[in-house]
Each structure stands twice: as structure tokens, then as C-alpha cells.
Amino acid sequence: MSILEVIQLEKRFGGLEVLQGIDFSLNQGESLAIIGSSGSGKTTLLRCLNFLERPDKGRIIVNGQVIFDADDPSTQREGEVRKKRLHFGLVFQSFNLFPQYTALQNVVLAPKLLAKELPDFTKNKQSYFNEIEAHGRTLLDQVGLTDKLGAYPHMLSGGQQQRVAIARALALEPDILCFDEPTSALDPELTGEVLKVIRALANRNTTMVIVTHEMDFARSVADRVIFMDEGVIVEQGTPEEVFGNPKEERTRQFLARYKESN
Ligand code: ADP
Ligand code: MG
């Protein structure tokens, strides 16, 4: 079953059409890689999914529920947007950890804030916090940072910080975890450790949308691939289809350019 459906999404910035007619769906447990040149609209698409941008047209459906419809203001109420955002986790290029907090504190911060809003929070504070911290430890363990729970960001490498950021995104148990070029701010020798964590998540059937420049990674990890250019989806299909046997000339040119530069 589709966990995510994006229907005819459009986004303009002033006169600039940044996204046009964006249509795709994603099944539970699958990972989708989005590839394309710089400026093709990949980040804007992720930002639309996460309610960081408001699309001008189209619909976003999660688990059969219309969470955004450009024509229906009742889906855009301020108060509900924060809750709807929780469907999506987002890992950016830059890790943006809080420097004054340890790895574990960075991971548990948002879940603790959310717990405070529960009606029985005051009565059960300690058990909620214990549970959240146990979960945070498990997540940091999953990303290979068991021995770094108490480390501050400045004590961690870029790759380690990005793994904390992944654990932090997982801590809110999103339906769909989105990555925006998660390794492009890293030194090449640190890229592998982050890709390995994402690969492990894919193997555990985490539903993911991964914007990436790492073509070999996309080809080997993704269940589906979208190639975007100038705000449109030029081609989408399985990795074998898009990488192995692209139908569109623009896709072939993009892949050829990538091959040349790597
Ligand atoms: P990508 O992530 O594929 O590199 P982006 O989604 O960042 O592409 O950008 C797509 C286009 O939208 C670019 O031309 C970019 O300059 C433009 N753009 C992105 N954000 C804004 C904004 N806030 N205001 C105006 N133009 C923007
Ligand atoms: Mg981008």
C-alpha cells in the first residue's frame, strides 16, 4: 500500500516555476532516491513534504489521509501543521546539532518536548523520560554511536554528527524519513559510514526519500528512483530502469555527465 502519494504538486517562487506536475507514490518500507542536477527542485520538494514550503497546487497524502491540499484551506491550519510535520523526519546536509547538548540529549530533546504535551505528563514524567532515553540509546546504538552518548558535537567527526542527526530524526518515529544530500557536507572518507547507516535502515524496511548525489548508492539501495530536471520529474522507475536503461535523453545525458566527473 502507498504510504505517500504526491499528486500534481506545483511550487513557484515569484515568477519562477520550481516544481511542476510532481506526481509519485511510495510504498511502506520502500526507499526512493531522488537524483538530479543542482537547482532542479529536489530540496524544494522535500521542504514541501515537510511543510517548510507551501505548494501552490497539488495534494500530499500520507497513509490515505490528505495532509495537504492546495485547494482546501482546512488542510493548512497552522495548529495542525506541526502535528502533520511529524509524519516526516528530515536529515539535512548540515547536521545542525545543538552544540550545548550531548549526542543523547540532542536525540531525546524533541520527544521530551512532545511528551510534555501529554495530558498525564506530570503524573508520569519519570517513566516517560526513562522510556524516551532508553529509545534514544537504542537509536544511537543502531547508528554505531554506543560509546558517544555523552559526547558533545564538537567532540564528534562530521560523520558521527550526521549519524546523531539520523538518530534524532528517527526518535520521533516518522512514517517517512527524508534525507537531503546527507553526505555532501562531509569529507569523502566520512561519507561511507553515513551511507552504511542509511543502507542498514533500508534493510530494516524504513520508508525513506533520499535526495543524493551518490549514484552508486542510489542504485544499490533504492527501490525506486526519480530523476528530476528543471522542476519536473523527467523519469521514474526501478534503479535498473533509470540507471540501467533510461528512456529519456535528458536522463542519459545527466548520467553521462555524472560518470565523466567521477
Ligand atoms: P536542488 O535542491 O535540486 O538543488 P532547490 O529546490 O534548492 O534545488 O532549488 C530549485 C530552484 O528554486 C532554484 O532555481 C533555486 O534558486 C530556487 N529557489 C529555492 N528556494 C528559493 C526561495 N526561497 N526563493 C526563491 N527561489 C528559490
Ligand atoms: Mg538541494
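None of the values given here were measured: they were computed from a predicted structure. (Residues numbered from 1 in each chain as written. Chains lettered and ligands numbered in written order. Predicted model: local features only at pLDDT ≥ 70, side-chain atom pairs only at ≥ 80, totals over all residues. Heavy atoms only, no water.)

A word on the environment of D120. Considering the arrangement of structural elements, one finds D120 in the loop between α3 (103-115) and α4 (121-142). What makes D120 partly exposed here is its relative accessible area of 31%. With 36 residues separating them along the chain, D120 and K84 place their C-alpha atoms 22 Å apart. In terms of polar contacts, D120 uses its side chain to reach the side chain of Y128, at 2.9 Å. (Helix = DSSP H or I, 4+ residues; strand = E, 2+ residues; numbered from the N terminus. Buried < 20%, exposed > 50% of the residue type's maximum accessible area, 1.4 Å probe, protein only. Polar contact = N/O pair within 3.5 Å; in protein donor to acceptor, adjacent residues only side chain to side chain.)

For the structure on display, the rule yields 4 aromatic pairs. Ring centres 6.5 Å apart and planes at 75° place the aromatic pair F51 and F68 in the edge-to-face group. Residue F51 is found in the loop between α1 (42-49) and β4 (57-62), and its partner F68 is found in strand β5 (residues 65-69); the two are separated by 17 residues along the sequence. F68 shares its class with F51; the two are buried. Pairing F121 with F129 gives two aromatic rings, centres 5.5 Å apart and planes at 55°, and the pair type is tilted. One exposure class covers both F121 and F129, and it is buried. (Phe/Tyr/Trp six-rings, centres within 6.5 Å; stacked < 30°, edge-to-face > 60°.)

Of note in this structure, Q8 is not a glycine but carries a positive phi near 50°. By the element assignment, Q8 lies in strand β1 (residues 2-13). Residues other than glycine seldom take positive phi values, yet E230 does so here, at roughly 45°. If you trace the backbone, E230 turns up in the loop between β9 (224-229) and β10 (232-237). A relative accessible area of 59% places E230 in the exposed class.

Around ligand 1, the neighbouring residues are F13, L16, V18, S37, S38, G39, S40, G41, K42, T43 and T44. Within the backbone of S40, a nitrogen or oxygen atom sits 3.1 Å from an oxygen atom of ligand 1. Take K42: an N or O atom from its side chain is 2.7 Å from an oxygen atom of ligand 1. Bound to the protein, ligand 1 loses 58% of the 570 Å² it would expose on its own. Of all the secondary-structure elements, those providing two or more residues to the shell around ligand 1 are β2 (16-27) and α1. For the shell around ligand 1, the element with the most residues is α1, which contributes 3 residues. (Near = heavy atom within 4 Å. Areas by Shrake-Rupley, 256 points an atom, 1.4 Å probe, with all protein chains shown as cover.)

Burial analysis of strand β3 (residues 31-36) places 6 of its 6 residues in the buried class, the great majority of the element. Side chains S31, A33 and I35 of β3 all project onto a buried face; the interleaved residues L32, I34 and G36 project onto the opposite face, where all are buried too. Bridge count between β3 and strand β8 (residues 208-211): 4 bridges; the pairing is parallel. Paired with L32 across the strands is V209, a residue of β8. As paired strands, β3 and β9 are joined by 5 bridges and run parallel to one another. (Pairing = 2+ DSSP bridges.)

This next bit is on the side chain of E181. Tracing the sequence through the fold places E181 in the loop between β7 (176-180) and α6 (188-203). No salt bridge forms around the buried E181; measuring N to O, its nearest opposite-charge neighbour K42 is 4.1 Å away. Beyond its immediate stretch of four places on either side in the chain, E181 contacts K42, Q93, V211, T212 and H213. (Lys, Arg positive; Asp, Glu negative; His and termini not counted. Salt bridge = Lys/Arg side-chain N within 4 Å of Asp/Glu carboxyl O. Contact = heavy atoms within 4.5 Å.)

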